[in-house]
Amino acid sequence: MLLIKEHISASCLLVFLIKTGFYSGGDIDLDNDFETRRYLIDSFSPPSKNGTVNLTFKDPLSLVGVLKKKAPAASEGKLAADVTGTPASFDVGAGTGAGYGLVKALKYVRINGEIMQVTRSTDTFTIVARGAWGTIAEDHSLGDTVQECLYFEGTDRIDEVIRQLLVDQGEIASSFIPASEWGAESDRWLDEFSPTNIISEPTGISALLNQIMDQINVSIWWADRDQLIKLKAEAPALPTDTTYEFNDDQIILDSENLKQRMDLRLSRVLVHHTPRNYTESDETKNFSVLQVSADLDSESDLKNKIAQEKQIFARWITGEAQASLLASRYLARFKRAPVEVSFNLDIREHSLRVGAHIMLDSGIVQDVDGSNLIMELQCVALDFDERKKVFQV
């Protein structure tokens, strides 16, 4: 294993390229014979008595958390005078108007609990509409903060929304995003999801991404061996997808473990969508519509007997069609208790990646006649054990 350091000049972060491979004789080709992993140094300890130093790394996707990136960024402008009645415009402090609309075209601002639609010329904001996004028009006072909002109005598909959060707002390098790959995955599974939402106060980008992943049923992660941020919908394999087939001959002996997650089984999915007021918290009373998808048969006395439900407060869902699709997908995936399987593979199986679909033919799961029951799985974690030289799946 080789460590090569470099810098991210924009943020002065020290980055290490970790190259791993196996020497088989002859000249060493760092580009072709080694896999490269790029990490940020999170922390390190001073040399110990025996001269060793412990380094802790984070991947570039963690950059939005490491630097506590927020979207939208906090605005500096404050009201230069009271706003009362129905004025046509208002001003912010001299020179502070220039800080608006730098990342995305300015359209909405929030003052206290009210969102306004506006246009801007220097430090003067012309009011287009009061009480937008379910808020109530109210008076405001000299010195109140005028916060720019980050908005999505149903014209950007969810993959583009995620790209904006990571690249435009989080300043992640666009080269880490495989646009064509994201587009192909979204064409297949996410084409219906073009959200209408507004973020009216600085919010951690990591928190926003977690909301999207839960509410849209999609995953994003840093693929360290590919040096890319991957995006994948939680969906079954299609006939055209690449699948990996593993059996007992390929799995390291006695490394298998299976756990049935009864705690994750669902018989009902409740999607609350269409907020009444986009500045209010995620509570049942703040959402106009409830979409329910249920498998009542699984709650019968002959089966599981109990109802297990998941509630989703979906700010990133727009309309009944999206809510119904989300609920039905969650129910299809979890109406039977999911199974978690772990096992080890020899290093020769290095082509396997997180997100890949696996067909497992193993005696760890058997049919009623004692034959192996082939399971379709999806790889959600993949680590390489440097000491044992095996992949832990």
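Each chain has its residues counted from 1, running along the sequence as written. Two thresholds apply to this predicted model, a pLDDT of at least 70 for residue-level local features and 80 or more for giving and counting side-chain atom pairs, whereas whole-chain, interface and lining totals are computed over all residues. Only hydrogens and water are set aside when side-chain values are computed; all heavy atoms of the structure are taken into account.

1. With respect to the packing of helix 2 (residues 158-169) against helix 4 (residues 205-216)
Stage number 1. Here an axis means a line fitted to C-alpha atoms, over the contact stretch when the element is a helix, while the angle between two N-to-C directions is reported on a 0 to 180 degree scale. The secondary structure listing takes helices from DSSP runs of H or I that are at least 4 residues long and strands from runs of E that are at least 2 residues long, numbered from the N terminus. Interhelical geometry of helix 2 versus helix 4 gives an angle of 170 degrees and a closest axis separation of 11 Å. As summarised for this structure, helix 2 and helix 4 are arranged roughly antiparallel, according to the angle between their axes. Residues Ile158, Val161, Ile162, Leu165, Leu166 and Gln169 of helix 2 form the contact with helix 4, whose participating residues are Ile205, Leu208, Leu209, Ile212 and Ile216.
Stage number 2. Following the grouping adopted for this structure description, the nonpolar residues are Ala, Val, Leu, Ile, Met, Phe, Trp, Tyr, Cys and Pro, the charged ones are Asp, Glu, Lys and Arg, and the polar ones are all others, Gly among them. Across the contact of helix 2 with helix 4, the residue classes tally to 10 nonpolar, one polar and no charged. For classification purposes, angles smaller than 35 degrees are called roughly parallel, those larger than 145 roughly antiparallel, those between 65 and 115 roughly perpendicular, and all remaining angles oblique. Whether two residues touch is decided by their heavy atoms; if any such pair falls within 4.5 Å, the residues are in contact.

2. With respect to the packing of helix 2 against helix 3 (residues 179-189)
Stage number 1. Two numbers describe how helix 2 lies on helix 3: the axes approach to 10 Å, and their chain directions differ by 145 degrees. Contacts between helix 2 and helix 3 involve Asp159, Ile162, Arg163 and Leu166 on the former and, on the latter, Trp182, Gly183 and Ser186.
Stage number 2. When the residues that make up the contact of helix 2 with helix 3 are grouped by side-chain class, the tally is three nonpolar, two polar and two charged.

3. Description of the environment of Pro236
Stage number 1. Within the secondary structure, Pro236 is located in the loop between strand 15 (228-233) and strand 16 (243-247).
Stage number 2. Relative accessibility thresholds used throughout: buried, under 20% of the residue-type maximum; exposed, over 50%; partly exposed, between the two (1.4 Å probe, protein chains only). Relative accessible area serves as the criterion here: at 48%, Pro236 is assigned to the partly exposed category.
Stage number 3. Separated by 142 residues in sequence, Pro236 and Gln378 place their C-alpha atoms 8.6 Å apart.

4. Some points on the packing of aromatic side chains
Both the distance between ring centres and the angle between the ring planes are used here to describe each pair of aromatic rings.
Stage number 1. Note on aromatic contacts: the rings of Phe and Tyr and the six-membered ring of Trp form a pair at centre separations within 6.5 Å, being stacked when their planes are under 30 degrees apart, edge-to-face when over 60 apart, and tilted otherwise. Under the definition given, this model contains 12 aromatic pairs.
Stage number 2. Between Trp133 and Tyr278, the ring centres sit 4.9 Å apart and the planes meet at 85 degrees, which makes this aromatic pair edge-to-face. Taken together, the residues Trp133 in the loop between strand 9 (124-132) and strand 10 (147-148) and Tyr278 in the loop between strand 18 (268-275) and strand 19 (287-294) connect sequence positions 145 residues apart.
Stage number 3. Take Trp133: its relative accessible area is 14%, and that puts it in the buried class.
Stage number 4. Taken together through their ring pairs, the aromatic side chains of Tyr108, Trp133, Tyr151 and Tyr278 make up a single cluster.

5. Focus on the nonpolar core
Stage number 1. In terms of nonpolar packing, the biggest core is built from 47 residues, with Ile162, Leu165, Leu166, Leu190, Ile212 and Ile216 touching the most fellow members.
Stage number 2. If sequence neighbours within four positions are ignored, Ile162 has contacts with Trp182, Leu209, Ile212, Ile220 and Leu231.
Stage number 3. To form a nonpolar core, buried Ala, Val, Leu, Ile, Met, Phe, Trp, Tyr and Cys residues must be joined to one another through side-chain atoms within 4.5 Å. Counting 16 residues, the second largest nonpolar core, distinct from the first, contains Phe246, Ile251, Ala356 and Met375.

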